[in-house]
Amino acid sequence: MKSHYDFLIVGTGLYGAVFAHEAMKRGLSVLMLEKRAHIGGNVYTEEKDGITIHKYGAHIFHTSDKVIWGYVTNLVPFHPFINSPIANYKGHIYNMPFNMNTFARMWDISTPDEAKRIISEQRGEIKAEPGNLEEQAISLVGRDIYETLIKGYTEKQWGRPCSELPPEIIRRLPVRFTYDNNYFSDIYQGIPDDGYTSLIEKLVDGADIILSVDYLPDRVKWDALSERTLYTGPLDALYGYSKGKLEYRSEIFEEIRVERENFQGNAVVNYTDRETPWTRIIEHKHFAPCSSPVTWISREYPVSYEETGEPFYPVGDERNRSLYKEYRALADKEPRLIIGGRLADYAYYDMDKTIKAALNAASLL
């Protein structure tokens, strides 16, 4: 560890790692601090029984940006992966996203015209401008799909009835009138051969890294070690929650080693009924070619932010957006401070957008 650095980067997730990589390419020295005991933030992966485990939920890299795809694949090799999740509603299996396979299963039909007619009839239930998520969903896809595949999952995810959630959470829902189970429509889709940790390791190679340290209690001490600071954590925490707390939803990931070769036959299965306590089960070995007599699954339980202290999904309603703007105004007054990433921006980003934002920020160095 040096006595002084050009940059202090708080957080070793994807945004911070890309920024660090670009800074070092420009000859700048970098010190990185990480609150967790490992690098990588929520894209961190590790190996168990020869299976790459996505520790914080499924991460499938997808983009239509040729530059971004080239950026990551030049760093580490990727293998193709098409995300084709399925939904389990009280033991009945449906394909996701909503497509002709879904509609054929739900209504015993076979043509796009039949599906369009049923959806159009059910959408007509909502006469006025939708005032909540329930009305918004029905106005988009009808009541059958809403009740079976949206309602229970969404209420578990956000911890409140759909009738009490703002409609903007699902302003649009993908509906395909083809037999296509590809969840994403992006041109490039894949996963690093050796997991996302290999990508992060490549990005931060050359930086000094300190794990298991909380930047905030000793902010003045850490800032004194560098010319500038990139902060990727929650913005309300940076300012001691002085204007109030931003709301988040969190997750608990229950990892289970299963003594069989194949548990569910698919990488991602959503549980869309309200009674099942978890929202989905991930079977990690299906993300990559793997031969193992055992398998690993993760059950995902949505919980309140207060229960874990780990912020995952911002509650982006009007009150929280307004509060975030107040904190952002404080950050903008600090000339040595740069903020970025999903937590600092109070936004949910896909990985390609995270990388692009970090590259844009680094281009100003």
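Residues numbered from 1 in each chain as written. Predicted model: local features only at pLDDT ≥ 70, side-chain atom pairs only at ≥ 80, totals over all residues. Heavy atoms only, no water.

## Considerations on the layout of surface pockets
- Counted as a void, the second largest pocket has a volume near 160 Å³.
- Together, Trp 158, Gly 159, Arg 160, Lys 245, Leu 246, Glu 247, Tyr 248, Arg 249, Ser 304, Tyr 305, Glu 306 and Val 315 line the second largest pocket.
- Mapped onto the lining of the second largest pocket, the elements with two or more residues apiece are strand S12 (248–258) and helix H10 (305–308).
- Its residues assigned to classes, the lining of the second largest pocket comprises five nonpolar, two polar and five charged. (1 Å grid on protein atoms, 1.4 Å probe; cavity = no way out; pocket = protein on both sides within 12 Å on 5 of 7 lines; lining within 4 Å. Points joined across faces, edges and corners; volume = space filled by probe spheres on them. Helix = DSSP H or I, 4+ residues; strand = E, 2+ residues; numbered from the N terminus. Nonpolar A, V, L, I, M, F, W, Y, C, P; charged D, E, K, R; others polar.)

## What to know about the pattern of salt bridges
- Taken as a whole and assessed by the stated rule, the structure comprises 26 salt bridges.
- A salt bridge links Asp 352 to Lys 353; the shortest N-O distance between them is 3.3 Å.
- Given the relative accessible area of 6%, Asp 352 is considered buried.
- Each member of the salt-bridge network shares a partner with another, and the members are Glu 46, Lys 48, Lys 55 and Glu 255. (Salt bridge = Lys/Arg side-chain N within 4 Å of Asp/Glu carboxyl O. Buried < 20%, exposed > 50% of the residue type's maximum accessible area, 1.4 Å probe, protein only.)

## So, the environment of Ser 198
- By the secondary structure assignment, Ser 198 is in helix H7 (residues 196–204).
- Between the C-alpha atom of Ser 198 and that of Leu 75, which follows or precedes it by 123 residues, the distance is 9.1 Å.
- When sequence neighbours within four positions are dropped, the list of residues in contact with Ser 198 reads Val 76 and Pro 192. (Contact = heavy atoms within 4.5 Å.)

## Some remarks on the pairing of strand S14 (residues 280–283)
- Side chains of S14 alternate between two faces, with Arg 280 and Ile 282 and Ile 281 and Glu 283 buried alike.
- When strand S13 (residues 268–271) meets S14, the two strands line up antiparallel, connected through three bridges. Bridge pairing in S14 places Asn 270 opposite Arg 280.
- Where S14 meets strand S15 (residues 295–304), four bridges bridge the pair, whose relative direction is antiparallel. Looking at S15, one finds that Glu 283 is bridged to Ile 297. (Pairing = 2+ DSSP bridges.)

## Section: the packing of helix H5 (residues 133–141) against helix H6 (residues 143–158)
- The geometry of H5 relative to H6 is characterised by a closest axis approach of 9 Å and an angle of 140° between their N-to-C directions. Crossing angle aside, the handedness with which H5 passes H6 is right-handed. Residues Leu 133, Glu 134, Ala 137, Ile 138 and Val 141 of H5 form the contact with H6, whose own contacting residues are Arg 143, Ile 145, Tyr 146, Ile 150, Lys 151 and Thr 154.
- Here the contact of H5 with H6 is composed, by residue class, of seven nonpolar, one polar and three charged. (Axes fitted to C-alpha atoms, helices over the stretch in contact; angles between N-to-C directions. Left-handed = near helix turned anticlockwise from the far one by under 90°.)

## Brief notes about the environment of Lys 356
- Of note, Lys 356 is situated in helix H12 (residues 351–362).
- According to the relative accessible area criterion, Lys 356 is partly exposed, its value standing at 41%.
- When the C-alpha atoms of Lys 356 and Asp 65 are compared, they prove to be 9.4 Å apart, with 291 residues separating the residues in sequence.
- If sequence neighbours within four positions are ignored, Lys 356 has contacts with Asp 65 and Ile 68.

## Notes on the side chain of Asp 223
- Note on placement: Asp 223 falls in helix H8 (residues 219–223).
- Looking at Asp 223, the relative accessible area reads 14%, which means it is buried.
- Setting aside chain neighbours within four positions, we find Asp 223 in contact with Leu 8, Tyr 215, Thr 229 and Arg 336.

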